[in-house]
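Observations on the model geometry
The residues making up each chain are set out below.
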Amino acid sequence: MATRVEQHVTLPGTTASPATAMPWIPLDVHAEYFNVKYVAVKTGSGQVNFKVQGTIDNVLESGVSAVAFDIASAATGTIDGNVTNAVAAIRLQVTSASASSDMSFRVLQTGIE
């Protein structure tokens, strides 16, 4: 069985400042075989710099300020990858955008029974 989540954000026509973070996507850290596939896709005319970030903090617990760490980064276009060591949540962090663009972030977690 697998869990799939997709998020979208439209970036303004000017430089994104401060950085734009999509909401955390909670993952099942108790999955028998932890495996998460992620894909970030940029469409539009702008240059976008972004990072895929993870945390080991429980983002579902109220009052928690999750500490993020970078899993991957890209200057533009599409990035995809896998996370095989358990993380509690994953998100897309846009650090800058030079013109109007859309970002989609897709996450698929397998190994859930």
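To keep things clear, this report deals only with the structure shown in the data block. From a predicted model like this one, the values you see are computed outputs, not experimental measurements.

Quick word on the overall build of the protein chain
- Within the protein chain, the regular secondary structure consists of zero helices and nine strands.
- In sequence order, the protein chain lays out its α and β elements as β-β-β-β-β-β-β-β-β.
- The buried share among the 113 residues of the protein chain stands at 40%.
- Here the contacts in the protein chain between residues at least 6 apart in sequence split such that 80% fall between residues at least 24 apart.
- With an accessible surface of roughly 6,100 Å², the protein chain has 51% of that area assigned to carbon and sulfur atoms.

Observations regarding the pattern of salt bridges
- The tally for this structure, following the rule as stated, stands at two salt bridges.
- Between Asp 80 and Lys 37 there is a salt bridge, and its shortest N-O distance comes to 2.8 Å. Of this pair, Asp 80 sits in strand β7 (residues 78–83) while Lys 37 sits in strand β4 (residues 35–44), and the two are 43 residues apart along the sequence.
- Linking Lys 51 and Asp 70 is a salt bridge whose minimum nitrogen-to-oxygen distance equals 3.5 Å. Placement of Lys 51 in strand β5 (residues 48–55) and of Asp 70 in strand β6 (residues 69–74) is noted, with a sequence separation of 19 residues between them.
- Of the residues examined, Asp 70 reaches a relative accessible area of 45% and is grouped as partly exposed.

Quick look at the environment of Ala 68
- Of note, Ala 68 is situated in the loop between β5 and β6.
- Classification of Ala 68 by relative accessible area gives partly exposed; the value is 31%.
- With eleven residues separating them in the primary sequence, Ala 68 and Asp 57 have C-alpha atoms 8.6 Å apart.
- Beyond its immediate sequence surroundings of up to four residues, Ala 68 is in contact with Trp 24, Gln 53, Gly 54 and Arg 91.

Notes on the side chain of Gln 109
- The residue Gln 109 is located in strand β9 (residues 101–110) in this model.
- Classification of Gln 109 by relative accessible area gives buried; the value is 3%.
- Reaching out from Gln 109, the side chain makes a polar contact with the backbone oxygen of Asp 28 at a distance of 2.9 Å.

Observations regarding the nonpolar core
- Tyr 38, Phe 50, Ile 90, Leu 92, Met 103, Phe 105 and Val 107 are the most contacted members of the largest nonpolar core, which has 22 residues in total.
- Elements that contribute at least two residues to this core include exactly β4, β5, β6, β7, β8 (89–97) and β9.
- With four residues, the top contributor of residues to this core is β8.

Cut-offs used in this document
- Residues numbered from 1 in each chain as written.
- Predicted model: local features only at pLDDT ≥ 70, side-chain atom pairs only at ≥ 80, totals over all residues.
- Heavy atoms only, no water.
- Helix = DSSP H or I, 4+ residues; strand = E, 2+ residues; numbered from the N terminus.
- Buried < 20%, exposed > 50% of the residue type's maximum accessible area, 1.4 Å probe, protein only.
- Contact = heavy atoms within 4.5 Å.
- Areas by Shrake-Rupley, 256 points an atom, 1.4 Å probe, with all protein chains shown as cover.
- Salt bridge = Lys/Arg side-chain N within 4 Å of Asp/Glu carboxyl O.
- Polar contact = N/O pair within 3.5 Å; in protein donor to acceptor, adjacent residues only side chain to side chain.
- Core = buried A, V, L, I, M, F, W, Y, C linked by side-chain atoms within 4.5 Å.

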